[in-house]
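Summary of structural features
Residues per chain, in single letters:
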2 protein chains.
Amino acid sequence: MRRKTDRMIDQIAALGRGDTSARGLAETALAQAQTLCELNAFVALDPDKVLAAADASDGRRRAGFTLGPLDGIPIAVKDNFLTKDYPTTACSDALPLEPTDVDATLVARLREGGAVIFGKTNMHEWAYGATNTTSRFGPTRNPCNPGHITGGSSGGSAAAVAGGIVTAALGSDTGGSIRIPASACGIYGFKPTYGRASRHGVLPLSWSLDAPGPLAASLDDIAVLLSCLMGEDAGYAATRGSHPFQPVAALSRKARLVSLTGPGLERSDEVDAAVTAALQRAQGCTVETRALPGMRRFFGAWETILHCEATAYHQPRLATAAGFSPVTRAHLEAGQYLTAQELLRAQQVRAEFCALLASGLGDWDALVLPTLPVPAPAMGVDWQEFGGRRVSTQDSMTWFCWLGNLAGLPAVTLPCGLSSTGLPIGLMLMGRPGQDERLLQIAKFIDTAVNQTE
Amino acid sequence: MRRKTDRMIDQIAALGRGDTSARGLAETALAQAQTLCELNAFVALDPDKVLAAADASDGRRRAGFTLGPLDGIPIAVKDNFLTKDYPTTACSDALPLEPTDVDATLVARLREGGAVIFGKTNMHEWAYGATNTTSRFGPTRNPCNPGHITGGSSGGSAAAVAGGIVTAALGSDTGGSIRIPASACGIYGFKPTYGRASRHGVLPLSWSLDAPGPLAASLDDIAVLLSCLMGEDAGYAATRGSHPFQPVAALSRKARLVSLTGPGLERSDEVDAAVTAALQRAQGCTVETRALPGMRRFFGAWETILHCEATAYHQPRLATAAGFSPVTRAHLEAGQYLTAQELLRAQQVRAEFCALLASGLGDWDALVLPTLPVPAPAMGVDWQEFGGRRVSTQDSMTWFCWLGNLAGLPAVTLPCGLSSTGLPIGLMLMGRPGQDERLLQIAKFIDTAVNQTE
């Protein structure tokens, strides 16, 4: 899907050989950002800060050392990660346009690794939506076709990578917000197991569902990023006892994939064909198709938990007039009227869903689904039709992805083909909780079969 | 506090020596139950079933084998544990007076160990109260003074042990329901870490707070029981990954105790004096006094979670007229109107409380408090006064104990003296989650200093 030279690992190699400098990478990225400004991928980007960080990296390298593989690599950051050098607004007008004095843990880890923080990316307001069309800074446009949406809520991060501005960006994922725009823009996105990457300093949408993670130009890039990002953080209790990301070896045994179907898991014919063809090319894996019943009930549990937690977080802000688009405000106000009984029921259904995936589908290494049921929708189209369903564009974006958040699974999307209109189609794999390394190993195997043998 | 001959380990030894038989123990217990029938400790007890189980045990022993240390020991069971041979009513008139075809996991483990299930004990209706005065079968009376309550909700189990009918009984504990009556009746009670003993087949009060466990005549008895009862159970997900109880060695290093004080942790002068004197006798431990602020806020979280979960469980039954005393019904109906925001807030405060105990009080091996702020109240007295507080008798019973449930800690009560009117006073120790063995080791050390050196 992408030119080999666009990968972060190629940038790392070129820096190592001295074929380029951090300043060179930064200047190229700044020029590309300028060229593609119509995408509206960035909401804050200061060339002076970028170049200063790049020069500092080059200085280290000249002095004979680096801070690690990311030293000198430009990496963009979604606008809900706190950053010391840029304002953090979650693309809502409720928050000031001034930087805080705190870096989110993952941003701090990138900086400690020498990465050049390359501005803040556009997102769906408060991450409370999956189209990236609702933002204080206006909608984000898809680099593959600017008349189409990126999906969201990490749409700016996806556009920045897919547009070749940067090779990697941070995003966050509550119901697919990393995977959706990565798929819609034809790149790679990885949501870690809940609790394996710190959310400290990331403005929450729904604390029991949110997981931060990388979007990038290749799975090898993702592996480098996860090695930097994952592991325990005293600032975020859910990471307690979690271990750092272990480097990924090649697939040592046949992976057992389970392809999920059933009511609530419909997809368009061309998406289905692309995913099926991709799996047929992955000869080292077995693919079994299994029905997963009760999807709408499980979806309801995800939605109830999301609404309740989002409302709890935003409650103090609801009394003021500003800060929310009408749709977001309506969601948050409705969340106030959900009862404890409804929430408990949702929490119980969630436990049931986790148990079903853990032991109700036999032995599996990864669950496989399309990432999206349709290619990136055109701007301004509110409804999608596929597989006999008519679904709002919003719901079509989270259609499959929320499963991974409700169960806390690691999940990855990789490009697997193009639609008749030339838009990317993504394939999603979800692993068992904690098995992020194994999942990436399987994804790499399939990606090699699908994208690198042509 | 008790005669040495009343302990279960003495029964085990006597059976081993052939000094008595299971039938002998059963007949003595049945006679004592008859003598003390005014206590109303039992709500179902069938001599034929008891004697048949005892005879089977004696048969095994004659054939040269046993099923383990409990083989032939009469053990009573609280009326919210499902039993194949007795009805299970939770002392509510909502449930039929017919046995089910299922044993709760812990009852099954006792039977597999050869124990003689010795009837069902009286309890506070649905375990939704801590006095044991509300029951389909009438109130339970305290063997130390029948004009006083036993406390609850495992009041019948405590009365059966304290009355010398049996040396051990099963109870369940959501806000102290094992420890409260054990303390009020002058015996030992142990609530395991949440998730280390299966609740499968125990009618719930509040599933995230409930923990089943033993009441017994000595801490050595408790150790034998926990070895049989604890560990993984496929029927109860919370036990997954938990390990069986490991036998307890003598205390190998000085235990660090933290004695908690502050608003909300008041106690009567004579209770305080008894606990203080007991700790002074435990020379191998260091005792540091620490203030624990915010108790009423944490208590509110416990109460909200309890009401929400109890209402969720009973909701289908609320539409019918029968099954609940007016007070219980009022609680359950009020639980329907709690909002998701209130429950989420309570769940967050709970997480904060766990973090505070885990790392906000320095290094500690056990937290120490009185089990109750007052000795067992007289029947019919609705209010208690102590430490400048006027508190309902119900709230005085759970006054300290709920801390252990909100944080899921292992907790044990041991007798540590008598009030001016001859009623027992109990000392409570709570350990770190999962450290049940260490907690019992510390309790044993203190118990030896307090109760077995006279």
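Everything quoted here is computed from the prediction, not taken from an experiment. (Residues numbered from 1 in each chain as written. Chains lettered and ligands numbered in written order. Predicted model: local features only at pLDDT ≥ 70, side-chain atom pairs only at ≥ 80, totals over all residues.)

Topic: the packing of helix α2 (residues 22-35) of chain B against helix α3 (residues 47-62) of chain B
Residues and elements named next belong to chain B. At a minimum axis separation of 8 Å, α2 and α3 run at an interaxial angle of 160°. One element, α2, and the other, α3, form an angle in the roughly antiparallel class. Between α2 and α3 the crossing geometry is right-handed. Residues A22, R23, L25, A26 and L30 of α2 touch α3, and the partners they reach there are P47, V50, L51, A54, D55, S57 and D58. Of the residues that constitute the contact of α2 with α3, the class distribution is eight nonpolar, one polar and three charged. (Axes fitted to C-alpha atoms, helices over the stretch in contact; angles between N-to-C directions. Helix = DSSP H or I, 4+ residues; strand = E, 2+ residues; numbered from the N terminus. Parallel < 35°, antiparallel > 145°, perpendicular 65-115°, else oblique. Left-handed = near helix turned anticlockwise from the far one by under 90°. Contact = placed C-beta atoms within 7 Å. Nonpolar A, V, L, I, M, F, W, Y, C, P; charged D, E, K, R; others polar.)

Observations regarding the interface of chain B and chain A
On the chain A side, the residues contacting the 16 residues of chain B number 16 residues. If you list the elements that add at least two residues to the side of chain B that touches chain A, you get α9 (295-318) and α11 (340-359) of chain B. Counting residues per element, the side of chain B that touches chain A draws most heavily on α11 of chain B, which supplies seven residues. Its residues placed into classes, the side of chain B that touches chain A shows eight nonpolar, five polar and three charged.

Description of the pairing of strand β2 (residues 74-78) of chain A
Each regular strand shows side chains that alternate between the opposite faces of the sheet. Residues and elements named next belong to chain A. Taking burial as the measure, the five residues of β2 include five buried ones, the bulk of the element. Side chains of β2 alternate between two faces, with P74, A76 and K78 and I75 and V77 buried alike. When β2 meets strand β3 (residues 116-121), the two strands line up parallel, connected through four bridges. Residue I75 lies in a different strand from β3, and its bridge partner there is I117. Assessed by its sense of winding, the connection that carries the chain from β2 through helix α4 (residues 105-112) to β3 is right-handed. Summarising the sheet, β2 and strand β6 (residues 168-173) pair through two bridges and their orientation is parallel. From the neighbouring strand, V77 faces β6, where its bridge partner is L170. (Buried ≥ 20, exposed ≤ 12 C-beta atoms within 10 Å, placed from the backbone. Pairing = 2+ DSSP bridges. Right-handed = clockwise from strand over helix to strand, strands pointing away.)

Observations regarding the relation of the copies chain B and chain A
Aligned on chain A, chain B shows an RMSD of 0.0 Å; the corresponding rotation is 180° and the shift along the axis is 0.0 Å. Such values leave the two copies arranged in the relation of a two-fold axis. When you check the interface residues of chain B against chain A, 100% turn up at the interface there too, and the contact is symmetric in its surfaces. (Least-squares fit on C-alpha atoms with pLDDT ≥ 70 in both.)

Looking at the sheet that holds strand β8 (residues 211-216) of chain B
All names here are of chain B. A sheet is described by the order of its strands in space; here 11 strands give the open sequence β1-β3-β2-β6-β8-β7-β14-β15-β11-β9-β10, paired in mixed fashion. The sheet is open, and its two borders are formed by β1 (42-44) and β10 (285-291), each paired with just one other strand. Ignoring strand direction, the axes of neighbouring strands in this sheet form an average angle of 30°. Sheet analysis places strand β9 (residues 255-261) next to strand β11 (residues 366-370), joined by three bridges and oriented parallel. Paired with V258 across the bridge in β11 is L367. On top of the sheet, helix α5 (residues 155-162) reaches β1, β2 (74-78), β3 (116-121), β6 (168-173) and β8; it is set at about 155° to β6, its chief contact. Here helix α14 (residues 436-451) sits on the sheet and contacts β9, β10, β11, β14 (411-418) and β15 (424-431); the angle it forms with β14, its principal contact strand, is near 5°.

Examining unusual backbone geometry
All names here are of chain A. Looking along the chain, the bond that leaves G152 and enters S153 is cis, with omega of 10°. Phi at C91 is positive, roughly 55°, even though this residue is not glycine. Considering the arrangement of structural elements, one finds C91 in the loop between β2 and α4.

Things to note about α3 of chain B
Residue and element names in this part refer to chain B. For α3, with 16 residues, the first-to-last C-alpha span of 22 Å sits near the 22 Å given by 1.5 Å per residue. Regarding α3, the residues found buried are V50, A53, A54 and S57. Seen along its axis, α3 keeps its buried residues to an arc of 100°; they face one direction. In α3, the exposed residues that point more than 90 degrees away from the buried face are D48, G59 and R62. Packing partners of the buried residues in α3 comprise α2, β2 and β3. (Expected span 1.5 Å × (residues − 1). Arc of directions from axis to C-beta.)

Here's the deal with the environment of G59 of chain B
Note that G59 of chain B resides in helix α3. For the pair G59 of chain B and A31 of chain B, spaced 28 residues apart in sequence, the C-alpha to C-alpha distance is 22 Å.

What to know about the domain arrangement of chain A
By a frequent convention, interface size equals the accessible area lost on bringing the separate parts together. Residue and element names in this part refer to chain A. Considered domain by domain, chain A is made up of domain 1 (4-239) and domain 2 (255-440). Its C-alpha centre places domain 1 at a distance of 23 Å from the equivalent point of domain 2. With 49 residues of domain 1 in contact, the opposing surface of domain 2 contributes 44 residues. Counting residues per element, the ones that place at least two in the side of domain 1 that touches domain 2 are β5 (145-149), α6 (179-185), β7 (188-191) and α7 (219-229). No other element matches α6, which puts six residues into the side of domain 1 that touches domain 2. Considering only residue class, the side of domain 1 that touches domain 2 consists of 24 nonpolar, 19 polar and six charged. (Domains from an automatic or database assignment.)

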